[in-house]
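What follows is the residue order along each chain.
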Amino acid sequence: MVFVWVNFPEGVSRKLDKLLLSPPGYLSPTSDPFQSVNLKYGLSEKVIKVFVERNLPILVVTKRRASDEAISLLSSQRDSVLEVSLLALKERLRRFLSPGGSTSGELLESLEMASNKGVHTVLRVDPILPFINDEEKSIFELLREARERGVKHVVASCLDIPLRIKGFVLSSLAKWDSSLPSRYEILYRERISNSLHADIAYRRRLFSILRDMTESLKLTLSLCMEFTQDGRNLNEEYATSKNCEGKIMPISYRSGKSFLPLPCSNDGSCLTCFGPTCGVSELPMRGEVKYLSYSDFRRMSAPWMVGLSS
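The sections below set out a description of the structure shown in this document. Computed from a predicted model, the values in this text were never measured in an experiment. (Residues numbered from 1 in each chain as written. Predicted model: local features only at pLDDT ≥ 70, side-chain atom pairs only at ≥ 80, totals over all residues. Heavy atoms only, no water.)

### Here we look at the overall build of the protein chain
Alright, step 1. Counting secondary structure elements, the protein chain contains twelve helices and twelve strands.
Alright, step 2. The C-alpha radius of gyration computed for the protein chain amounts to 20 Å, which stays within 12% of the reference 19 Å derived for 310 residues, consistent with globular compactness.
Alright, step 3. Across its three principal directions, the C-alpha atoms of the protein chain cover 65 × 45 × 40 Å.
Alright, step 4. Put simply, the protein chain has 310 residues, and 49% of those count as buried.
Alright, step 5. For the protein chain, long-range pairs separated by at least 24 residues make up 67% of all intrachain contacts whose partners lie at least 6 apart in sequence.
Alright, step 6. When the accessible surface of the protein chain is split by element, carbon and sulfur atoms take 52% of a total near 15400 Å². (Helix = DSSP H or I, 4+ residues; strand = E, 2+ residues; numbered from the N terminus. Rg over C-alpha atoms; globule rule 2.2 N^0.38 Å. Buried < 20%, exposed > 50% of the residue type's maximum accessible area, 1.4 Å probe, protein only. Contact = heavy atoms within 4.5 Å. Areas by Shrake-Rupley, 256 points an atom, 1.4 Å probe, with all protein chains shown as cover.)

### Examining the sheet that holds strand E12 (residues 258-261)
Alright, step 1. Spatial ordering of the open sheet is given by E1-E11-E12, a layout of three strands whose pairing is antiparallel. Edge positions in the sheet fall to strand E1 (21-22) and E12, since each of these pairs with one other strand and no more.
Alright, step 2. Strand direction decides the pairing type here: E1 and strand E11 (residues 252-255), joined by two bridges, are antiparallel. Note on E11: the bridge partner recorded for Ser 22 is Ser 252. (Pairing = 2+ DSSP bridges.)

### Focus on the pattern of salt bridges
A side chain with one charge may pair with a side chain of the opposite charge, provided their charged atoms come close.
Alright, step 1. Evaluation of the coordinates by the stated rule reveals 21 salt bridges.
Alright, step 2. Glu 53 is the salt-bridge partner of Arg 54, the closest N and O atoms lying 4.0 Å from each other.
Alright, step 3. Classification of Arg 54 by relative accessible area gives buried; the value is 11%.
Alright, step 4. Of the charged contacts, one joins Arg 299 and Asp 296 as a salt bridge, the two residues approaching to 2.7 Å between their closest N and O atoms. Placement of the pair is Arg 299 and Asp 296 together in helix H12 (residues 294-299), with a separation of three residues, close to one helical turn.
Alright, step 5. What emerges from the salt-bridge pattern is a single network uniting Asp 17, Lys 49, Glu 53, Arg 54 and Arg 254. (Salt bridge = Lys/Arg side-chain N within 4 Å of Asp/Glu carboxyl O.)

### Regarding a nonpolar patch on the surface
Alright, step 1. The grouping of Val 37, Tyr 41 and Leu 43 at the surface amounts to a nonpolar patch, some 280 Å² of accessible area in total.
Alright, step 2. Within the secondary structure layout, Leu 43 lies in helix H3 (residues 43-53).
Alright, step 3. Exposure remark for Leu 43: the relative accessible area of 35% places this residue in the partly exposed category. (Patch = residues over 30% accessible without salt bridge, like charges linked within 9 Å, V, L, I, M, F, W, Y side chains within 5 Å.)

### Some points on the environment of Lys 290
Alright, step 1. Structurally, the position occupied by Lys 290 is in the loop between E12 and H12.
Alright, step 2. Looking at Lys 290, the relative accessible area reads 32%, which means it is partly exposed.
Alright, step 3. A sequence separation of 178 residues divides Lys 290 from Glu 112, and the C-alpha atoms of the two residues are 34 Å apart.
Alright, step 4. Sequence-distant contacts of Lys 290, that is, excluding residues within four places in its chain, are made with Glu 282, Pro 284 and Met 285.
Alright, step 5. A distance of 2.6 Å separates a polar atom in the side chain of Lys 290 from the backbone oxygen of Glu 282. (Polar contact = N/O pair within 3.5 Å; in protein donor to acceptor, adjacent residues only side chain to side chain.)

Right under this line is the structure:
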């Protein structure tokens, strides 16, 4: 997916209308799309509409209740996805882990409403924090409640701690339990890039449990940014879905003023693609993560696409 940084929906429109190829939209990797201010300006719904009007899928991630309008828009574009972040069912713990988020009941209701309208819904248990929301019984109850609301897929991770904010993270955890900082100092002894990660044995045990739970509930699972110290993607061992979102979110090509899904023989997974049939040589990543910018997509086209744009 590509992140387009613009101030207004009109800017999003202008940028999309310059593309022959477009990834799905992502709302939003850094801030929640349904903060209180959105009630006044409705910018999130306007951005979603820009994508839907062009038949472009968009992934919406939130820890707040999605608006009725947003859900209705997502339901009109079959490849779009709503992901809801819910880390615990118990409200006191949920408030501690997701300050500013909607209640557990409201989030489950949002998932159910979207599922009933045909939207592909995903539960994000991202991150799981050791000794806080990692109790097996509580995780299973959360997964079961989500499944009852129509969720088909789960995204999970184990908390990582960026070194630059380690002190802040540990002092924040101490507000829940004063013993946590010392326990984390023992558990978090693996450094990957500029972050500390829980011991690999703990993470493997956690992800094995998650895989077994999701399979027993007939849910699929993927992990978010989970690696070993030697760079291996743990999704290779524990994910039960080929795609991060549990479904294909296709790259799209322009057809007149709208877009259509790009032909693909690898279920939309550019990361694991070695021999592309789409005709776009820049897209296959052959197992190596590659970050593509808006300008990269401005350059992209396939030989068979000549003359397709309006």
